[in-house]
Amino acid sequence: MPTVLIIDDNAAVGVALDVLFSLHDIAALHAASPEEGLAVLAREPVDLVIQDMNFTLETTSGEEGVALFRRIRALYPDLPVILLTAWTHLDAAVDLVKAGAADYLPKPWNDERLLATVTNLVELGQANRALLQRVGRERRERRELESQYDLRGLVWADPATERVLQLACQVARADVPVLITGPNGTGKERIAEIIQANSQVKDGPFVVLNCGALPSELIEAELFGADAGAYTGASRAREGKFEAADGGTLFLDEIGNLPLAGQMKLLRVLETGRFERLGSNRERQVKVRVISATNADLAAMIRQGTFREDLFYRLNVIELRLPPLAARPGDILPLANGFLASGRRLDRGAESALLAHAWPGNVRELKNVMARANLLAQGDVIRAADLGLPAAAVSSPAQAPDAEPDRDAIAGALARAGGVVAQAAAELGLSRQALYRRMERLGIARP
């Protein structure tokens, strides 16, 4: 239950407000003087203060209220304060509102307006505290993650990325295959490097093979090696990626492009550690940690008969799903700043444009956009026009105030707000009740 502190020398005011708030599940504390009010604040958790502006008989200057407000603001800078008086001049009240007072209401007050103001301020305060707690928790978790593991200088800030990192570091020391899924350009290879850096074979080689960058007839030779004469042009024996990665990690990118024959041999290596080079009957033994990645729907490929189900389950002992950049917006600005040339900075328009863009090319696209901006920008400040993004992406959602938020927009705002409805409503430009009505209409469950 929220708690309001009423600081007023008139006991009748305290009784009236206590009755009003009790009918709406709000607890009220009463103090008859500034000193008593400050003492209550020192020992009781309070969500909001309603203070009078005059505490001495026949005094109407408001100077006592100004002094009290300034002391509360100095001691509790985030605590909302409502000014309530019959005598203070309007210009003095306006000055205090400019100095941080939440509102100014004359006596006698309007119950509905006062209740609406108190309810909104309490909810906003609760939302801000929840946000601060969440941010503080995320910062602590990030510091712990950075202190415990080698993250290879990865730049991130979004909780969605942190969840992937936590799982990657957790499974890094386990000698099991890992499958990293996600769209192209999201940074799957960086996650594989982090797993390698924190594994039991971190001092071994880290070998990369992009299965989508080679003709299908050469992938097996790349994986397992080939003896001289094994295929046209093989004039001498060559070592494959498995041999090169012995004692370390082999990262197989775009694993969905591996042909069925290669899939069968890969399955055998994963199960036994044994293989033969192309054109050779001599069996070789290796100890390799395999991490694979794909942007393909392997389950659909299994149904189509283009990917072996038994290999899928062997590769997918641990799956890490790396979301697209648009689904982890907290990463966009830290990454963009990381790609800036030394001495350059983004102005607010550029930041808004970056946050509004859909990023179909993910981190790779962002890196290219920032490289272009570094070349084309005049001076040290990067502006929206320097980014070269489509005009539709540069426009801010705030420029379309009449647009009705759809289900995805509401769900996204709730996710970014950590389920705090008041904060999500503020982002969408709605009242809390208006957001609740839209959630009910769209079938979105309340957090």
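Report on the accompanying structure. (Residues numbered from 1 in each chain as written. Predicted model: local features only at pLDDT ≥ 70, side-chain atom pairs only at ≥ 80, totals over all residues. Heavy atoms only, no water.)

### Describing the packing of helix α18 (residues 407–416) against helix α20 (residues 432–442)
In the contact formed by α18 and α20, the axes pass within 11 Å of each other and the chain directions differ by 125°. Considering their axes alone, α18 and α20 lie oblique with respect to each other. Here the hand of the crossing between α18 and α20 comes out left-handed. Of the residues in α20, those in contact with Arg 407, Ile 410 and Leu 414 of α18 are Leu 435, Arg 438, Met 439 and Leu 442. When the residues that make up the contact of α18 with α20 are grouped by side-chain class, the tally is 5 nonpolar, no polar and 2 charged. (Axes fitted to C-alpha atoms, helices over the stretch in contact; angles between N-to-C directions. Helix = DSSP H or I, 4+ residues; strand = E, 2+ residues; numbered from the N terminus. Parallel < 35°, antiparallel > 145°, perpendicular 65-115°, else oblique. Left-handed = near helix turned anticlockwise from the far one by under 90°. Contact = heavy atoms within 4.5 Å. Nonpolar A, V, L, I, M, F, W, Y, C, P; charged D, E, K, R; others polar.)

### Focus on the pattern of salt bridges
Applying the stated rule across the entire model yields 18 salt bridges. We note a salt bridge from Glu 283 to Arg 274, for which the minimum N-O separation is 3.6 Å. The partly exposed category is assigned to Glu 283, whose relative accessible area is 39%. Taking the relative accessible area as the measure of exposure, Arg 274 reaches 35% and is therefore partly exposed. Residues joined by salt bridges that share partners form a network here, namely Asp 227, Glu 243, Arg 277 and Arg 284. (Salt bridge = Lys/Arg side-chain N within 4 Å of Asp/Glu carboxyl O. Buried < 20%, exposed > 50% of the residue type's maximum accessible area, 1.4 Å probe, protein only.)

### Notes on the packing of aromatic side chains
Under the definition given, this model contains 5 aromatic pairs. Each ring, one from Phe 206 and one from Phe 251, has its centre 6.4 Å from the other, and the planes form 15°; the classification is stacked. Pair noted here: Phe 206 is in strand β7 (residues 206–210) and Phe 251 is in strand β8 (residues 249–253), with a separation of 45 residues, a long-range link. The class of Phe 206 is partly exposed, set by a relative accessible area of 26%. For the ring pair Phe 224 and Phe 275, a centre distance of 6.0 Å and an interplane angle of 40° mean the geometry is tilted. Of this pair, Phe 224 sits in helix α8 (residues 216–224) while Phe 275 is found in strand β9 (residues 274–276), placing the two residues 51 residues apart along the sequence. Here Phe 224 and Phe 275 have matching classes, each one buried. (Phe/Tyr/Trp six-rings, centres within 6.5 Å; stacked < 30°, edge-to-face > 60°.)

### Topic: the layout of surface pockets
Quantified by volume, the second largest pocket comes out at close to 550 Å³. What lines the second largest pocket is a set of 24 residues, among which Gly 185, Thr 186, Gly 187, Arg 190 and Val 363 lie closest to the centre. If you list the elements that add at least two residues to the lining of the second largest pocket, you get α7 (188–197), α13 (332–339) and α15 (362–376). Broken down by element, the residue count for the lining of the second largest pocket peaks at 4 residues, all from α7. In terms of residue class, the lining of the second largest pocket is built from 8 nonpolar, 7 polar and 9 charged. (1 Å grid on protein atoms, 1.4 Å probe; cavity = no way out; pocket = protein on both sides within 12 Å on 5 of 7 lines; lining within 4 Å. Points joined across faces, edges and corners; volume = space filled by probe spheres on them.)

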